[in-house]
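Survey of secondary and tertiary structure
This is what each chain is made of:
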Amino acid sequence: MAEGAHDRDPLPPDTREEYDKTEKWLDEHPDFVHDYFARKAKRSMVDGWLISHAIKHTAGLLQSDGNSSTGSKNNSKNNSGANTPVRKISAQEFEKGGILNPMISTVEGVPTFLSPSPTAQSPSQGRLQSRSRNELKELDEKELMYELVMDICNDLDVTSLCFKILNNCCTLLNADRCSMFLVQGKGTNEKYLVAKLFDVNGETSLEEISNAKEEIRVSWGTGIIGYVAKTGEVLNIPDAYKDPRFNAEIDIRMGYKTQSILSMPIKDNEGEVIGVAQAINKVINRNLPFDEHDEKVFASYLAFCGIGLKNAQLYERSLLENRRSQVLLDLARVIFEEQSNVANLIQKIMMHTQSLLQCERCQVMLIDESSKGIFSQVYDLATDDFDNSETYTREGPTEPRFPIQIGITGHVASTGEPLNIPDAYSDQRFDPTADEKTGFRTKSILCMPIKNAEGRVMGVSQLINKKDGTPFTKNDENLFEAFAIFCGMGIYNTQMYETTVRASAKQRVAIEVLSYHVSAPSDECAKLKNAVIPSCQDYRLLDYDFNDIALDDDDTIKASIRMFVDLDLLEKFRINYDTLCRWLLSVKKNYRNVTYHNWRHAFNVAQTMFCCLKKGELDNVLSDVESLALVVGCLCHDLDHRGTNNQFQIKTMSALAELYSTSTLEHHHFDQCIMILSTEGNEIFSGLSQEEYESVIGLLECAILSTDLALYFKHRGEFFRLVEDETTDWDTDEHRDLLRSMMMTASDVSAITKPWDVQKRIADLIANEFFEQGDLEKLQLKIKPIEMMDRDKKDKLPVMQVSFIDAICLPIYKAIAKVSPKLQPLLDGCQRNRDNWEKMAKNIDKVQVDENERETVKPHS
């Protein structure tokens, strides 16, 4: 008795003294107390004892949760870190539970918040081993009930507890087998029952039945189990096959004959149904039904079981809540470890999400910051993207650039509300063409917005198809929502870091460019303005076999002016002649003096495009704005080229590689083009309307970026399909985009179509520039370059040229010749040069064979 309790005791002192003596005697005779309690205790006394001992430890926690729930609801919409309330928790509160386990553990040398999964041990293991079934049968009913209640009273493992309950029910009712179904879900429309353990009998082991992978699920209100759960009524069925609610398919599958059934609800201390226990067939005589006495005994025992089961579920929930907190903490650790690159961060997030929620596919879509109306990057991770070591080969995101108002992801991005769709094809927002293109079958979708600290939607994360085939649950939704919050913070921080890095890189590039280049002098501009511009025929600009070798640098500038004049671009777009002269001189100045990718190359590419437009009659297909963008794009497509390719920029981690993650040099060329066009005195587009200006800048960007051969390979298949289709309409924007891109590639590699002496001279220039890069790779990176850049492999140039023609040149020239037969000379020139390179390759092979034979027959000295 607590100290000071007597001061408040209403009993007289004599009576209290007598009570104390009695209590002391009872403490000294526990066997008598147990016997007396078993014989005399009423059900209300037993329930009161179980309740007080079962939930007294959680009362404080429940009260604490209740006090904070209102605040969490009020602040749920404002999740900004600046407005997060301070949690008034002292570390002393954690001392109440003694020494707790460490929060951080180490797995394979990596710190993690995830502790080892708790082993499924039963707290009742501290109790003496329960009696055998034969020993239990020798007890009278009251002793048996007491023994079976004590067997389960301290077990907090749900599976172990259910197994004990069912075994004990078999003993108590002399039943052949028993099953238990637990209620899942909330709300009448969402509830269902799942067989926790099915067909337990005296010969079944816990390990055997726990390993059963098949889950039996019963709809709420369906069948015998569903009816008992929904109504809370007891069903005692003497002949199961005469009851229409009985499902005989279970018997057929199990090879068993069900005769009688006793099915009863399991209720918690508040009277809510949390499960259903079912006994099947009497052991001694299957034809003998369960009687009224069985019902009373079953009900009495399940009253205790309901309280114990509820406590075990609360304990299991607390373990799961703790585990979930550990998972989120570990995710936070992973996120804030990777702050340098958004792509790497998102791949890590997707790997953790997919592993935790066990889905077939995980996607993250980011919204374009500049337009705020389209998805600019899409990351996709499928289960089969992992190899046996559970690693993932990272690839950059695709850049589809589609509006955010479209489809399921568009709805989530626009509204900021999550969507949980159990059947994608029944939702009108789902686009089935995505499945038709990939062969993948979308079943269920869980889509969640990704927000930053201010609550602005930055993107959308989407999970597709749970591996077990079931829809995503509310638990999945809650966990995924928490993941999305962490992702939003991590992505936002990383984007800010990337922005800072890009700004720094851009500054370094700008300083580097400005220190190298100079503006065109005024006297040069004046001289060019007053110069006579020879005709197109004088320069042979309409000749597919055009050769610039006879032209000096001044002539290349004048020839460029002639192209603008003959295309009537100055008149149509109100281009000032002085401005055109200064712009052309500035463009030439901004090309470095590298071996091949210099001003001469740009001029030759522009001449080929001019020839295609005029002599190839593509100016009848393309608009004037498109012609302007293509000619300007050709002249600017390699601005500030350093004589090295994209891979070299990436390998050396240059400032350009930090600034542009894809099509590195092409993005830089475009930026330099815009810089010159924006410089005072070089604004050749100043006479355009706003609509014309926006159109030509967009076309110019596409033209320059399309010179990246990686994009050529990506899009050429669709172009080849279009040229084979006689019904193709080149008036559609999509088809014209492809045509312009392919024309840029055809012009860029047009040196392969020139007369043999010109082609061979240019091939040597290209090879020497490649060899210079190979020398840098050997010197700076200490690596062996690929064959085409290895000076030691220069004798293989003819073979490499044949491969280059077959893989890139011939396919594009065959295709454009079908668009316009007037472009056939390009294909013919390419084919002739292929024959020449092949002949040279064979001659080199023959010489090598002859030398090898001479070495073989050489006499030994």
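These notes cover the structure that comes with them.

Some details on the pairing of strand β13 (residues 445–451)
A regular strand places its side chains on the two faces of the sheet in alternate fashion. Among the 7 residues of β13, 6 are classified as buried, and the element is accordingly described as predominantly covered. Looking at chain direction, strand β12 (residues 419–421) and β13 are connected through 3 bridges and run antiparallel. Bridge assignment links Ile 421 to a residue of β13, and that residue is Ile 445. Of the pairings in the sheet, the one linking β13 to strand β14 (residues 457–466) comprises 7 bridges and is antiparallel in character. Across the sheet, the residue bridging to Lys 451 is Val 457, located in β14. Counted between consecutive antiparallel strands, the loop separating β13 from β14 contains 5 residues, among which Gly 455 sits at a positive phi close to 85 degrees.

Brief notes about the pattern of salt bridges
As enumerated under the stated definition, the model contains 37 salt bridges in all. Across the pair Asp 790 and Lys 784 runs a salt bridge whose closest N-O atoms are separated by 3.1 Å. Residue classification places Asp 790 among the buried residues on the basis of a relative accessible area of 1%. The class of Lys 784 is exposed, set by a relative accessible area of 63%. Here Arg 834 and Glu 838 are joined by a salt bridge, their closest N and O atoms 3.1 Å apart. Of this pair, Arg 834 and Glu 838 both sit in helix α31 (residues 824–857), separated by 4 residues, roughly a single helical turn. Looking at Glu 838, the relative accessible area reads 28%, which means it is partly exposed.

Some words on the side chain of Asn 590
Mapped onto the elements, Asn 590 comes out in the loop between α20 (577–589) and α21 (599–614). Look at Asn 590 and you get buried, because its relative accessible area is 7%. Polar contacts involving the side chain of Asn 590 include one to the main-chain carbonyl oxygen of Ser 586, which spans 2.6 Å.

How each quantity is defined
Residues numbered from 1 in each chain as written. Predicted model: local features only at pLDDT ≥ 70, side-chain atom pairs only at ≥ 80, totals over all residues. Heavy atoms only, no water. Buried < 20%, exposed > 50% of the residue type's maximum accessible area, 1.4 Å probe, protein only. Helix = DSSP H or I, 4+ residues; strand = E, 2+ residues; numbered from the N terminus. Pairing = 2+ DSSP bridges. Salt bridge = Lys/Arg side-chain N within 4 Å of Asp/Glu carboxyl O. Polar contact = N/O pair within 3.5 Å; in protein donor to acceptor, adjacent residues only side chain to side chain.

Everything listed here is a matter of coordinates, which is why it stays silent on function.
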